[in-house]
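# Report on the structure
The chain contents come next:
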Amino acid sequence: MHDLAKTTTVTPKAGKGWRWLRRAIYGLIVVLAIAGLVFLKIATLIIAIIVLTSGAIVFGLIAFNRFRSKRTTAGAVFAVLAVFCLLADLKGFQFLTMTVAGKKMGPPPTTVTSVQVKEEDWAPTLTAVGSISAVQGAILSTDLAGTVAEVKFQNGGEAKKGDVLVKLVASQEEADLELARNDLARARDLAARKVISKAELDAAESKLKQKEGVAQHKEVRAPFDGQLGIRQVNVGQMIKEGQQVVQLTALDPLYVDFALPQQDLAKLSNDLEVRVLSDAIPGREFKGKLTAINSMVDSVTRNVTLQATLENPDHALHPGMFGKIEVVLPEKHKTLVVPGSAISYAPFGDSVFVIEKKKDPKTGKESQTIRQQFVRIGEARGDFVSITDGLKGGETLVSTGVFKLRNGMTVTINNELAPKPQLNPKPVDS
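First, a word on what this report is: a plain description of the structure on this page. Computed from a predicted model, the values in this text were never measured in an experiment.

## Some remarks on the overall build of the protein
- What the protein contains, in helices and strands, is 5 helices and 22 strands.
- Residues classed as buried in the protein amount to 32% of the 430 residues present.
- In the structure as shown, the protein presents an accessible area of about 27,400 Å², 56% of it carried by carbon and sulfur atoms.

## Re the sheet that holds strand β10 (residues 238–239)
- Here 4 strands make up an open sheet; going across it, the order is β8-β7-β5-β10 and the pairing antiparallel. The open sheet has two free edges, formed respectively by β8 (219–221) and β10, since each of these has just one partner strand.
- When strand β5 (residues 146–151) meets β10, the two strands line up antiparallel, connected through 2 bridges. When the sheet's bridge partners are listed, T147 is paired in β10 with M238.

## Quick word on the packing of aromatic side chains
- Using the criterion set out here, one finds 1 aromatic pair in the structure.
- An angle of 65° between the planes, with centres 6.1 Å apart, marks the rings of F348 and F374 as edge-to-face. Here F348 is found in the loop between β16 (333–339) and β17 (351–359), whereas its partner F374 is found in strand β18 (residues 366–374), with 26 residues between them in sequence.
- Take F348: its relative accessible area is 65%, and that puts it in the exposed class.

## Quick notes on unusual backbone geometry
- Following D252, the chain continues to P253 via a peptide bond in cis, the omega torsion being 0°.
- In the Ramachandran plot, R302 falls in the positive-phi region, its phi being about 60° despite a non-glycine side chain.
- Relative to the assigned elements, R302 resides in the loop between β13 (285–297) and β14 (303–310).
- The backbone phi angle of H315 is positive, close to 60°, even though this residue is not glycine.
- Tracing the backbone through its elements, the reader meets H315 in the loop between β14 and β15 (322–328).

## A short note on the nonpolar core
- Ranked by internal contacts, the top residues of the largest apolar core, which has 22 residues, are F258, L260, L268 and V327.
- For this core, the secondary-structure elements that each account for two or more residues are β4 (125–141), β11 (244–261), β12 (273–277), β13, β14 and β15.
- In terms of nonpolar packing, the next biggest core, distinct from the first, is built from 18 residues, V166, A222, L228 and V245 among them.

## Describing the sheet that holds β16
- Strand order across the open sheet formed by 4 strands is β3-β16-β20-β19, with antiparallel pairing between neighbours. Each end of this open sheet is capped by a strand with a single partner; those strands are β3 (118–122) and β19 (376–381). If you compare each strand with its neighbour and ignore which way they point, the axes differ by 45° on average.
- As judged from the 5 bridges shared by β3 and β16, these two strands associate in the antiparallel manner. Residue pairing across strands places K118 opposite V337, the latter belonging to β16.

## Quick word on the environment of M238
- Examined against the element boundaries, M238 turns out to sit in strand β10.
- Along the primary structure M238 and A149 are separated by 89 residues, whereas in three dimensions their C-alpha atoms are 9.7 Å apart.

## Focus: the pairing of β15
- Within β15, 5 of the 7 residues are buried, which leaves it mostly tucked inside the rest of the structure.
- Sheet topology places β4 next to β15; 7 bridges connect them, and they run antiparallel. Bridge assignment links L126 to a residue of β15, and that residue is V327.
- The pairing of β12 with β15 spans 5 bridges and is antiparallel. Residue pairing in the sheet places L277 in a bridge with K324 of β15.

## Describing the pairing of β19
- Where β19 meets strand β20 (residues 384–389), 4 bridges bridge the pair, whose relative direction is antiparallel. Within β20, the position partnered with I377 by the bridge is I387.
- Here β19 folds back onto β20 in antiparallel fashion, the turn holding 2 residues, of which G382 has a positive phi close to 60°.

## Re the environment of A170
- Summarising the element assignment, A170 is placed in the loop between β7 (164–168) and α4 (171–192).
- By relative accessible area, which is 9% here, A170 ends up buried.
- In this structure the C-alpha to C-alpha distance between A170 and G146, which are 24 residues apart in sequence, comes to 8.2 Å.

## A look at the side chain of T249
- Within the secondary structure, T249 is located in strand β11.
- In this structure, T249 is in contact with A134, Q136, G137, F224, G226, Q227 and P319, ignoring residues within four places of it in sequence.

## Structural notes on the pattern of salt bridges
- On inspection of all chains with the given rule, the structure shows 11 salt bridges.
- One salt bridge in this structure joins D121 and K334, with 3.3 Å as the shortest N-O distance. Taken together, the positions of D121 in strand β3 and K334 in strand β16 put the pair 213 residues apart, joining distant regions of the chain.
- Here the salt bridges share partners, and the residues they tie into one network are R275, E285, K324 and E326.

## Some details on the side chain of T110
- Looking at the secondary structure, you find T110 in strand β1 (residues 110–112).
- If we ignore the near neighbours within four places in the chain, the residues touching T110 are K404, L405, M409, T410, V411 and T412.

What counts, and where the lines are drawn
- Residues numbered from 1 in each chain as written.
- Predicted model: local features only at pLDDT ≥ 70, side-chain atom pairs only at ≥ 80, totals over all residues.
- Heavy atoms only, no water.
- Helix = DSSP H or I, 4+ residues; strand = E, 2+ residues; numbered from the N terminus.
- Buried < 20%, exposed > 50% of the residue type's maximum accessible area, 1.4 Å probe, protein only.
- Areas by Shrake-Rupley, 256 points an atom, 1.4 Å probe, with all protein chains shown as cover.
- Pairing = 2+ DSSP bridges.
- Phe/Tyr/Trp six-rings, centres within 6.5 Å; stacked < 30°, edge-to-face > 60°.
- Core = buried A, V, L, I, M, F, W, Y, C linked by side-chain atoms within 4.5 Å.
- Axes fitted to C-alpha atoms, helices over the stretch in contact; angles between N-to-C directions.
- Contact = heavy atoms within 4.5 Å.
- Salt bridge = Lys/Arg side-chain N within 4 Å of Asp/Glu carboxyl O.

Okay, structure coming up:
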C-alpha cells in the first residue's frame, strides 16, 4: 500500500499583513505626542525637534523600502508620516527661534497713517440749495410795428444805459419831426413879433414833442448797463408791436434766492454772511450778504424765502444757475475736528481707531496698539467731520485705511504719504 500524500496548507500568522498598519498608528501617536511638546519650554522644544527630525528620517527610509518592494500603500502611509514630521519639525524650529529671540507670536505690525484730534472754532451754518437771479434783467421789445433798419449791437456784447440797439425804418416819422421843428421855429419868430398868441406857440412846441416821441419809439435803447444776449430780429425784418428783440441782464451784483425751515427764522437777520458754491465753478466760493427775508412763511412747505446779494465783478455767475448756500451765523464754538477718512461708517454705529502706547508686562517693551472708539459725528465741511461725542482733543487716530483694522492690533505709524485734508478741497481731476 502506498502511503496517501497528505496535503499541507500553510496558514499565515494572524495579523502579519496588518503589522505595517499598527506600526503606522503607533508612529502617528508618538508624533502627535511629540508635537504637543512644541508648546513647552526651550529644552522640550529642542528634544521635540530632535525626535521629529529622527522620525522624519526613519519614516522616510521605511517609505523608501516599502516603495522599493512594491508595497505602495504602506509606502504612501509612511511617506505622509515623514512629511508630517518634517513640517512639525520646521514649525518647532520656528517656535524655538521666536522663543530664544524673545519675540511674541502673531502677525507683524500694520503700517498706518495718523492724525491728531484738533479743536477749532467753527461758526455754525445753515445750508440750503438756491437759484441765482439777476438784480436787473429784461427782454427788450419794440413799442411800434415796423421794419428793422439797423441792428447796432453784437450778440453777447456789453451795453451801456441809453445805447441804441435797434432802429426801425422811420422816414415818415423823421419827415414829420423835421416839419414840426420848422413849424416851431416860425411860431417862435411870430410870437416874438406878437403876431400869434402864446397858445399857438405852446401848440407848436407840443406837436414837436409828440413827433419826437413817435420817432424815439422807432428805436430800442438799453434801459440800464448790462450784458446782451442773442438777437431775435434781423435787418429788413417786418416786426410787430411788442416784438422781442434781445435780452439784457445786469451781472453785477446778482441775487441768490433760497429757503430755510421756519425753525431757523429766529436765527436770521439781514447782513449775515452768505457763501455760495456752484458745481459750474468748482473750488471757488462766492461771498455775499443776506439782504431780504420774506414777510410770510409758506403755508405748504413751512419754509421762509430768503434773498442774498452777491458781488460778481468778473461775471463768473449767471442768472439761472443753482448753488449750495451757506448762511454763516455770528456765534462760534469749539469743535473737535477729524478727517472724514478716519471715520469707519457702519449701520450699528460710526467709530474711529485711537492709537495708544501699550507696555509688555514681561519684557517692558512699548508698542503702539489701536482701540476702536465709537463716536457721534456732526457737520461735515470739506474733508473734515466734526465730532460731538466720544473723543478728546489731542488724541491720535488712524487717518486712513480703517476698514482693514481690528480692535487691539499692533501698528506702526508712517505719515510720509499721508493725504492732507482741506476745508476747500480742489481735486486735480475735477
